[in-house]
Amino acid sequence: MTMIVVNIFEAKAKLSEYLDMAAHGERVLICKRNRPVVELHAVQSARTTPRPVGLARGRFTVPPSFFEPLPDDVLGGFEGAAASALAGTGSRSGLLQVAGSEPEGGLNRRGRRRARRQ
């Protein structure tokens, strides 16, 4: 296996040829102003057969506590404090709304100006 060193101009002119060489095991080093920039080489082929099932059988066991529900403080960390405060309120939007409050400055909830009714 040899390494072929080419400049960018030559690589652009003969790219398909260098790709074929790389696919057959050669290494092609592309340089820009005599400094190495890219190395072309063949990619390892992907696995063609499926992995066998059960290779780790007997190496570890799942404890029964794994299947128990998480404590509320741990769930709150995943869902956030606002989500745990809204639990059971039936709010569809997931936003905490205070009765009688409206956005300030004539803006709607999306931050856009409200249309004036005449």
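The rules behind the values
- Once a new chain begins, its residue numbering starts again from 1 and follows that chain's sequence as written.
- Under the rules for a predicted model, residues below a pLDDT of 70 receive no local features and side-chain atom pairs below 80 are neither given nor counted, while totals for whole chains, interfaces and linings still include all residues.
- Side-chain metrics in this entry use all non-hydrogen atoms of the structure; hydrogen atoms and water are not considered.
- Here a helix means four or more residues in a row that DSSP labels H or I, a strand means two or more in a row labelled E, and each is numbered from the N terminus.
- Using a 1.4 Å probe on the protein chains alone, a residue whose accessible area is under 20% of its type maximum counts as buried, one over 50% counts as exposed, and one in between counts as partly exposed.
- Contacts are assigned to residue pairs that have any heavy atoms within 4.5 Å of one another.
- Using a 1.4 Å probe, accessible areas were evaluated by the Shrake-Rupley method; residue-level cover was limited to the displayed protein chains.
- Any carboxyl oxygen of Asp or Glu that lies within 4 Å of a side-chain nitrogen of Lys or Arg is treated as forming a salt bridge with it.

(A) Seen up close, the overall build of the protein chain. Regarding its fold elements, the protein chain presents four helices and three strands. When the helices and strands of the protein chain are listed from N to C terminus, the series reads β-α-α-β-β-α-α. Per-residue burial for the protein chain yields a buried fraction of 9% across its 118 residues. Nonlocal contacts in the protein chain, meaning residues at least 24 apart in sequence, comprise 25% of its contacts between residues at least 6 apart. By element, 54% of the accessible surface of the protein chain is carried by carbon and sulfur atoms, the whole surface being about 11,400 Å².

(B) Spatial organisation of the pattern of salt bridges. Overall, the coordinates contain one salt bridge when judged by the stated rule. Glu-39 is the partner of Arg-27 in a salt bridge, and the nearest nitrogen-oxygen pair spans 2.7 Å. With a gap of 12 residues between them, Arg-27 in strand S2 (residues 27-32) and Glu-39 in strand S3 (residues 35-40) connect regions that are remote in the sequence. Assessed through its relative accessible area of 30%, Arg-27 is described here as partly exposed. Looking at Glu-39, the relative accessible area reads 36%, which means it is partly exposed.

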